[in-house]
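If you want the building blocks of each chain, they are given just below.
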Amino acid sequence: MSVIEQGTKTLQNFINGQWVPSQSTETMEVPNPATGAIIAKVPISTKSDVDQAVKAAANAFQTWKKTPVPKRARILYKYHHLLTENHERLAKLIVEENGKAYKEAYGEVQRGIECVEFAAGAPTLMMGETLSTIAEDIDSQMFRYPHGVVAGITPFNFPMMVPLWMFPLAIACGNTFVLKPSERTPILSNELTKLFMEAGAPAGVLNVVHGAHDVVNGLLEHPLVKAISFVGSQPVAKYVYEKAASYGKRVQALSGAKNHHIVMPDADMEKAISHIISSTFGSAGQRCMACSAVVVVGDGSEFVEKLSQAADELIIGEGSNEEVLLTPVIRDSHRQKVLGYIEQGIEEGAELLRDGRAVMTEMKNGTFLGPTIFDQVTPDMTIAKDEIFAPVLSLLRAKDLDEGLAYISQSRYGNGATIYTKDARAVRQFREEADAGMLGINIGVPATMAFFPFSGWKDSFYGDLHVNGKDGVNFYTRKKMITSRFDY
C-alpha cells in the first residue's frame, strides 16, 4: 500500500516555521520510477524564495547561536526518537519516491539515524582546547563558534541519508540551515522537516526551498550564506565549489566516482561475487560507492562465468517486493544516457557479456534496466573512465596486483576501492598504494560510519573538510583563539 497520497499535490517550501507556496508557478512532476505514477509536483522556486528562506535563517541564528549546546542536543535526541518511530514508514516512502528496494531503503534510514546520533553528541563535539602557561603568566584557549546560515544541496539517490549528513550536525553546532533537496526526490525532505519541527526546533532554524538551478545559484551567491555542503555529479560539484568559493564561502562538494574492486586469485569466490553483485546492482547502481569496475587478477574465467550467472539470477522489479534487488533507475532521461554508454562500450570493443536492455521490453511501466556486464574492458575505454551511475559493470583483466593498482591510479576519481583476498601482503600493498580515500577489504561497500569522515579523493571531492566525523564538526564551526595574561 502506498504511503504517499497519490495525486498531483504541489509541495510547498518550509520557511520560518511555516509551509508556504513557492513564488513560482512552474512545477515538475515527481513519478514513482517503478510504475510511472505521478505522486506529487515539486515547485521550481526562484531566487526570491531563496532570499526569503535565508533571511529567516539569519534572523533565527541570532537566538539559536546563544541556545545552550545541551539544549540543542536534547532536540536532536527527540528527533532521533521520532525518526526511529517512523523508520518503516520513511523506508517505504523512499521506495516510492526513489524506487530503490525496501531493504536498501531501510538501511538508508538507519544510516541517517546514525548521523543524528552522532550530532546529538554536540556538547562533546563542540568542546574547544586550552593550554595553561604558553608563556609566563599567559594562557591560551580555543572556542568553537558557528558560521551563521549554512546551506545543503542534496542528490536524488539518498534522499534521507544525505540531508542527515548535513543539517543535524550543522544545527547542533549552532548554525541555521537552508536545505535544497533534489527536485527528483523532494518528498522525503519535507517529511524529515516535519519530524524535526515536532522534535522542538525553533522556527527558522531549518528551512527547505525546492527547485533547480535558480535555487542552487541563489544559495551560492547569497551574501548571508556562509558555507555550502553539496553532493552530486562531478561537473556540478566542480561548479558549486568554484562558484561558492569565489563568493568567499566555505565549501564541501562531494562528487562522482568510479570504484574498482580487485579480485585476487586466492579470493573466496562465492563471497566476492555476492558482495560485488550487491554493490554493483543494489540501488540500481545509483550510489557513489557502488562497484562499477572489477579488476580480475589472473585467469579469472571461472569467476567471470559465475558472476554472469549470478547476474542472470537477479530478481528485477518494484522495490516493495522483498525478493527484489535490482530496481529502476531514477528517470527515463537518465536511462537514455546509460543506453548511450552501452552502445559506446560495444563500439569501443568491449565484450557485452550480459545485456540488460532486454528488460525494457518486458517492464514498460517503470524506468528499468537489467544488469549489464562488459568483459575485456581496457582502461582507455569510455565505460572504464566515466561514472555511469547505473547497473552497468566493467570487467578489466590484470596480470598481477601491481597492474590492478595502476588501473585505480589512472582513474580521475578516488572515492572507494576494494580488494578480495586472504593474503595479508596483498592487503597491505593495497592499503598503502590504492589511490582512493575509502578502502574495503573483502567488503562490497566500504562507506564510513557517521563518526568517520566520508573521505573521497581526487575528482570525487572538492574542498578540504569532508562530511561527517571530526571533519564535519570543523566544517560547520570556526575557531576563536583567546590569549590571556594573569599577573599575580
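In case you missed it, the structure is sitting above this.
Residues numbered from 1 in each chain as written. Predicted model: local features only at pLDDT ≥ 70, side-chain atom pairs only at ≥ 80, totals over all residues. Heavy atoms only, no water.

Chemist: I would appreciate a short explanation of the overall build of the protein chain in the present structure.
Modeler: In terms of regular secondary structure, the protein chain is built from 17 helices and 22 strands. The C-alpha radius of gyration of the protein chain comes to 23 Å, within 12% of the 23 Å expected for a compact globule of 488 residues. Projected onto its principal axes, the C-alpha coordinates of the protein chain cover approximately 75 × 65 × 40 Å. Long-range contacts, defined as pairs at least 24 residues apart, comprise 73% of the intrachain contacts of the protein chain with a sequence gap of at least 6. Carbon and sulfur atoms make up 51% of the accessible area of the protein chain, which amounts to about 19900 Å² in all. Taking the 48 positively charged and 56 negatively charged side chains of the protein chain as two groups, their mean positions are separated by 8 Å. (Helix = DSSP H or I, 4+ residues; strand = E, 2+ residues; numbered from the N terminus. Rg over C-alpha atoms; globule rule 2.2 N^0.38 Å. Contact = heavy atoms within 4.5 Å. Areas by Shrake-Rupley, 256 points an atom, 1.4 Å probe, with all protein chains shown as cover. Lys, Arg positive; Asp, Glu negative; His and termini not counted. Charge placed at Lys NZ, Arg CZ, Asp CG, Glu CD.)

Chemist: Looking at this structure, how should I read helix H2 (residues 69-85)?
Modeler: Along an α-helix, residues three or four positions apart point the same way, because every turn accommodates 3.6 residues. Along its 17 residues, H2 runs 25 Å from first to last C-alpha, staying within 8% of the 24 Å computed at 1.5 Å per residue. Within the span of H2, buried status applies to Arg 72, Ala 73, Ile 75, Leu 76, Tyr 79, Leu 82 and Leu 83. Residues of H2 that are buried in the fold lie against helix H1 (47-64), helix H3 (87-98), helix H4 (102-119), helix H5 (122-125), helix H6 (161-172) and helix H7 (187-198). (Expected span 1.5 Å × (residues − 1). Buried < 20%, exposed > 50% of the residue type's maximum accessible area, 1.4 Å probe, protein only.)

Chemist: Teacher, can you tell me more about the environment of Gly 463 here?
Modeler: Following the sequence through the fold, Gly 463 ends up in strand E21 (residues 461-463). Among the residues examined, Gly 463 registers a relative accessible area of 26% and is labelled partly exposed. Along the backbone, Gly 463 and Val 116 are 347 residues apart, and their C-alpha atoms lie at a distance of 23 Å. Among all residues touching Gly 463, those that are not within four sequence positions of it are Tyr 241 and Val 251.

Chemist: Explanation requested: the sheet that holds strand E18 (residues 416-420) in the structure shown.
Modeler: Strands belonging to one sheet form pairs held by backbone hydrogen bonds; the direction of such a pair is parallel or antiparallel. Within the open sheet, the 7 strands sit side by side as E14-E15-E16-E13-E12-E18-E19. Their pairing is mixed. A single partner strand is all that each edge strand has here, and the edge strands are strand E14 (351-354) and strand E19 (438-441). Between one strand axis and the next, the sheet turns through 20° on average, direction left out of account. Relative to strand E13 (residues 291-297), strand E12 (residues 259-263) runs parallel, the two being bridged by 5 bridges. (Pairing = 2+ DSSP bridges. Axes fitted to C-alpha atoms, helices over the stretch in contact; angles between N-to-C directions.)

Chemist: Would you mind showing me how to read the environment of Asn 13 here?
Modeler: As for its position among the elements, Asn 13 is in strand E1 (residues 13-15). Sequence separation between Asn 13 and Val 329 is 316 residues, and the spatial gap between their C-alpha atoms is 26 Å. Dropping the residues within four chain positions of it, Asn 13 is found in contact with Gln 18, Trp 19, Val 20, Ser 22, Pro 43, Ser 45, Asp 49, Val 208, Val 209 and His 210. Of note is the side chain of Asn 13, whose polar atom sits 3.1 Å from the side chain of Ser 45. (Polar contact = N/O pair within 3.5 Å; in protein donor to acceptor, adjacent residues only side chain to side chain.)

Chemist: Would you take a moment to explain helix H12 (residues 332-347) for this structure?
Modeler: Counted at 1.5 Å a residue, the expected span for H12 with its 16 residues is 22 Å, and the 23 Å between its end C-alpha atoms agrees. Considering only its buried residues, H12 is in contact with helix H13 (359-362), strand E15 (372-377), helix H14 (382-385) and strand E16 (392-398).

Chemist: So what exactly am I meant to see when it comes to the packing of H2 against H4 here?
Modeler: The packing of two helices is summarised by the inter-axis angle and the distance between the axes. Their axes nearest at 9 Å, the elements H2 and H4 cross at an angle of 165°. As judged from the angle between their axes, H2 and H4 are roughly antiparallel. The crossing of H2 and H4 is left-handed. Touching Leu 76, Tyr 79, His 80, Leu 83 and Thr 84 of H2 are Ile 113, Val 116, Glu 117 and Ala 119, all from H4. Across the contact of H2 with H4, the residue classes break down as 6 nonpolar, 2 polar and 1 charged. (Parallel < 35°, antiparallel > 145°, perpendicular 65-115°, else oblique. Left-handed = near helix turned anticlockwise from the far one by under 90°. Nonpolar A, V, L, I, M, F, W, Y, C, P; charged D, E, K, R; others polar.)

Chemist: Sorry, what's going on with the sheet that holds strand E5 (residues 129-135) here?
Modeler: Here we have 3 strands laid out as an open sheet, ordered E5-E6-E22, and antiparallel in their pairing. Each end of this open sheet is capped by a strand with a single partner; those strands are E5 and strand E22 (477-485). In this sheet, neighbouring strand axes are inclined to one another by 25° on average, regardless of whether the strands run parallel or antiparallel.

Chemist: Help me out: how do you make sense of the packing of aromatic side chains in this one?
Modeler: For any pair of aromatic rings, the description consists of the separation of the ring centres together with the inter-plane angle of the planes. What the rule picks out here adds up to 11 aromatic pairs. Arranged with centres 4.9 Å apart and planes meeting at 45°, the rings of Trp 165 and Phe 454 form a pair that is tilted. Separated by 289 residues along the polypeptide, Trp 165 in helix H6 and Phe 454 in the loop between E19 and strand E20 (457-458) bring together distant segments of the chain. The buried category is assigned to Phe 454, whose relative accessible area is 4%. Through a chain of ring-to-ring contacts, the aromatic side chains of Tyr 79, Phe 167, Phe 177 and Phe 196 assemble into a single cluster. Between the NZ or CZ atom of Lys 194 and the centre of the ring of Trp 19, over which it lies, the distance is 6.0 Å. Just above the ring of Tyr 145 sits the side chain of Lys 480; from NZ or CZ to the centre is 4.4 Å. (Phe/Tyr/Trp six-rings, centres within 6.5 Å; stacked < 30°, edge-to-face > 60°. Lys NZ or Arg CZ within 6 Å of the ring centre and 35° of its normal.)

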